[in-house]
Amino acid sequence: QPANLSKNQRQQIERNINKTETKISELEKKLRQLSFQISEPEIIADHLKLRKVSENVEQTERQIQNLYTEWENLVGKLNG
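This one's a predicted model, so the numbers in the text were calculated from it and none came from an experiment.

S.K.: Even after reading the chapter, I still don't get the environment of F36, so can you show me in this structure?
M.R.: Counting through the fold element by element, F36 comes out in helix α1 (residues 7-37). Looking at F36, the relative accessible area reads 55%, which means it is exposed. Sequence separation between F36 and L50 is 14 residues; the distance between their C-alpha atoms is 12 Å.

S.K.: I'm lost on the side chain of T60 in this one. Help?
M.R.: If you trace the backbone, T60 turns up in helix α3 (residues 47-79). Accessibility expressed as a relative area gives 0% for T60, which makes it buried.

S.K.: Please explain the nonpolar core as it appears in this structure.
M.R.: Grouped burial of nonpolar side chains is what soluble globular proteins tend to show. Core analysis: the largest hydrophobic core is formed by 9 residues, namely I24, L27, L31, L34, I43, V53, V57, I64 and L67. Leave out the neighbours within four places in its chain, and I43 touches Q37, I38, K49, L50 and V53. Formed by 5 residues, the second largest nonpolar core is a distinct cluster that contains L5, I17, L74 and L78.

S.K.: Teacher, can you tell me more about α1 here?
M.R.: Every α-helical turn comprises 3.6 residues, leaving residues that sit three or four positions apart pointing alike. Its 31 residues give α1 an end-to-end C-alpha distance of 45 Å, which sits within 8% of 45 Å, the value for a rise of 1.5 Å per residue. Taken residue by residue, α1 has R10, I13, I17, T20, I24, L27, L31 and L34 as its buried positions. In this structure, the buried side of α1 is in contact with α3.

S.K.: Help me out: how do you make sense of the packing of α1 against α3 in this one?
M.R.: When two helices pack together, their arrangement is given by the angle between their axes and by how far apart the axes lie. In the contact formed by α1 and α3, the axes pass within 9 Å of each other and the chain directions differ by 160°. Our classification of the angle between α1 and α3 gives roughly antiparallel. Every pair of crossing elements has a handedness; the one defined by α1 and α3 is left-handed. Residues belonging to the contact of α1 with α3 are distributed by class as follows: 15 nonpolar, 6 polar and 9 charged.

Basis of the calculations
Residues numbered from 1 in each chain as written. Predicted model: local features only at pLDDT ≥ 70, side-chain atom pairs only at ≥ 80, totals over all residues. Heavy atoms only, no water. Helix = DSSP H or I, 4+ residues; strand = E, 2+ residues; numbered from the N terminus. Buried < 20%, exposed > 50% of the residue type's maximum accessible area, 1.4 Å probe, protein only. Core = buried A, V, L, I, M, F, W, Y, C linked by side-chain atoms within 4.5 Å. Contact = heavy atoms within 4.5 Å. Expected span 1.5 Å × (residues − 1). Axes fitted to C-alpha atoms, helices over the stretch in contact; angles between N-to-C directions. Parallel < 35°, antiparallel > 145°, perpendicular 65-115°, else oblique. Left-handed = near helix turned anticlockwise from the far one by under 90°. Nonpolar A, V, L, I, M, F, W, Y, C, P; charged D, E, K, R; others polar.

This is the structure we're talking about:
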């Protein structure tokens, strides 16, 4: 346990870790839904819809990656 963190600071970091994990879980669920959509025949047949869903997939993947980076930083602060 790092000596530099007060109990309140540790609790705040732990809350932020939990919030980040929840966001990651929600976005991963969204990504699974988008991955399902992208394989639907009506999406594949319409290049505009396909592009929109593909862009949404890319954006969601970037958000997840950013949240994993944030999570790693928070855990690093907690573990010192």
